[in-house]
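# Descriptive analysis of the structure
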Amino acid sequence: MSTFRTPRRRARLALAAAVTVAAALTGPVSRAATSSTADSAPSAGSSPAPAPSPGAAGLGDPVFPLDGNGGYRVDRYLLDFDWQAPGTPFEAATTVRATATQALSRFDLDFAGNTLRTVTVNGTTAMAVRDGDELVITPAEPLAAGRPFTVKVTYTADPTQIRHRDDAIEDYGWIPTPDGTVLYPQPDGAKMIFPSNDHPSQRAPVTFHITTPPGLTAVANGKLTARTEQADGRVRWTYDSGQPIATQLTQLAIGRFTFADSTGPHGLPLRDVVPDGLVAATEQYRELTADHIAWLEERLGPYPFDRYGLLVGDTDLGVALETQTLSLIPKADLLGDRVSAERNLVHELTHQWTGDSVGIRTWSDLWLSEGHARFYERLYSQEHGGDSFEATMRTAYAAHDQWRHDYGAPAEPTEPNLFKRMRYDGSTLVLYALREKVGRTVFGKIERAWVTRYQGRIAGTQDYIDLASKVAGRDLNGFLRPWLYGAKTPPMPNHPDWVVDPVQG
């Protein structure tokens, strides 16, 4: 994501009213205490299988402790949305195909802001209770460890659901456009769109089925696999994300769109999705994508997905977003000057390598995603008429102690400060310092090794330090950890004249 410019209570099943509402929604259910696989006695010499127990209500992320859930792995999401009109609730269903990683008596999905209808597990009605942003599901029979299971949740989706952050994210969730919507699910807003395992480390393929009125188009991550006109004139669009995707990187947009197809390096399919009235006005900068991909491939290696494109957001929200294979770019970014436009375009494209393909392990690792995207954005801009990279880094260096004081060290964000300046230029400064320390040639090898080794995987801060040390042939823990975690900004290699400003306040 680019821009210019607490733990929750667990009151599960304790409130009789909540149980009464759940019963009204789901009907009576069995609350078996043991798995059906435990009915037979264990064979001689074997240990009894663990008794079913609740899956963890969160993954314990240092920034969002209750985001994500334990006890299972999602294998695929299937989303079915029957879109009606802007600001109008509509019927929706999410099917989650998962595998239990423990014997489960119950489990959670992250889910917020919609009216729950029914919940089934393996086709049988399950008890479901809302607890803040958690949907606590108790299946009729416990789920055996290692076994696949399917959850289906039907609900009425509310496309007016929006939350606000006082950082670079601003508003997130369902963001309205004149004739439809675009999604801003970052950082943890996917739960407002569909029930999910809403944490960046938890990735799964997504199939989208979106039905729209005549004249409207639906678009989502990945490839359009079917377009079916129904008898009443409505159209059903089916997309498949292809590769697994983190929930914060999902995109689903509806509006009066034109598809602009072209080809990138090595025959890569490019498809821009543009509001009808903005096609000509945005064409000049949209046509730069192939050149941007080629420039980044020289530094980071082959583009990691099988397609790419830009979704032009017809919204006043001035935030771009790296939704996987389909970056969301606000219209204002494409209607201004070229230097500013290219900065945001290259930033979101870089995320496809770092942040999307190489996912982050925890939200504390966000510096790896945003720092890399800002690094290559700044480097490209310097080569194409923008500000001096060194000058911007010197400015960031001067402010770094203040940013540490206000927003936390690069790898130690707090929830309110997650997307503040430190995660952008402040984190880019860490990569700049590493380049100054090891030299440009070795740094380039580290970067290519990073996106190659962890392509399609998640990784964290220590993974980067270890890989950098291996490629450089020396232990870089003592150099990088003070930059990433220290209360004070270390000296900048090769720049003894750079000075950190005193902290104010």
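These lines cover the structure that appears in this document, whether it is placed above or below. (Residues numbered from 1 in each chain as written. Predicted model: local features only at pLDDT ≥ 70, side-chain atom pairs only at ≥ 80, totals over all residues. Heavy atoms only, no water.)

## Some thoughts on the overall build of the chain
Secondary structure assignment for the chain yields 10 helices and 25 strands. Taken over the C-alpha trace, the chain has a radius of gyration of 24 Å; the compact-globule value for 505 residues is 23 Å, and the two agree within 12%. Projected onto its principal axes, the C-alpha coordinates of the chain cover approximately 70 × 60 × 45 Å. With 505 residues in all, the chain has 57% of them scored as buried. (Helix = DSSP H or I, 4+ residues; strand = E, 2+ residues; numbered from the N terminus. Rg over C-alpha atoms; globule rule 2.2 N^0.38 Å. Buried < 20%, exposed > 50% of the residue type's maximum accessible area, 1.4 Å probe, protein only.)

## Observations regarding the sheet that holds strand β1 (residues 53-54)
Across the sheet, which stays open at both edges, the 4 strands sit in the order β1-β4-β8-β7 with mixed pairing between neighbours. Since the sheet does not close on itself, it has two edges, and those belong to β1 and β7 (127-131), each with one partner. Two strands pair when backbone bridges link them, and β7 and strand β8 (residues 134-138) are joined in this way by 5 bridges, in the antiparallel orientation. Looking at β8, one finds that R130 is bridged to L135. (Pairing = 2+ DSSP bridges.)

## With respect to the pattern of salt bridges
Under the definition given, this model contains 25 salt bridges. With a closest N to O distance of 2.8 Å, R374 and E377 form a salt bridge. One end of the pair, R374, and the other, E377, are both in helix α5 (residues 366-383), 3 residues apart, so they sit about a helical turn from each other. Taken together, the shared-partner salt bridges connect R343, R374, E377, R378, R421 and D425 into one network. (Salt bridge = Lys/Arg side-chain N within 4 Å of Asp/Glu carboxyl O.)

## Examining the environment of A396
The topology assignment puts A396 in helix α6 (residues 389-407). Residues A396 and I254 lie 142 residues apart in sequence; the distance between their C-alpha atoms is 39 Å. In contact with A396, other than residues within four places in its own chain, are W403, D425 and L429. (Contact = heavy atoms within 4.5 Å.)

## Focus on the pairing of strand β11 (residues 171-177)
The two faces of the sheet receive side chains in turn, since in a regular strand these alternate between them. Buried residues dominate β11, accounting for 5 of its 7 residues. Note: strand β10 (residues 162-164) against β11, 3 bridges, orientation antiparallel. Bridging from a neighbouring strand, R163 pairs with Y172 of β11. In textbook terms, the turn of a hairpin is the stretch between consecutive antiparallel strands, and for β10 and β11 this stretch comprises 6 residues, one of which, E170, has a positive phi near 65 degrees. Taken together, the 5 bridges between β11 and strand β12 (residues 180-184) define a ladder with antiparallel strand orientation. Bridged to I175 within β12 is V182. Hairpin connection between β11 and β12: a loop of 2 residues separates the two successive antiparallel strands.

## Comments concerning α6
With 19 residues, α6 ought to run about 27 Å at 1.5 Å a step, yet its terminal C-alpha atoms sit only 23 Å apart, falling short of that. A399 marks where α6 bends most, by close to 50 degrees. Every buried residue of α6 is listed here: F389, T392, M393, A396, Y397, A398, H400, D401, Q402, W403, R404 and Y407. Tucked into the core, α6 has its buried residues touching α5, α7 (425-438) and α10 (477-485). The residue sitting at the N-terminus of α6 and contributing the capping side-chain oxygen is S388; that oxygen lies 3.4 Å from the backbone nitrogen of E390. (Expected span 1.5 Å × (residues − 1). Bend = angle between axes of the 7 residues up to and from the residue. Polar contact = N/O pair within 3.5 Å; in protein donor to acceptor, adjacent residues only side chain to side chain.)

## Digging into the environment of V279
The topology assignment puts V279 in helix α2 (residues 279-286). Filtering out sequence-adjacent residues up to four positions away, V279 remains in contact with T258, V274 and R286.

Structural measurements only, silent on function.
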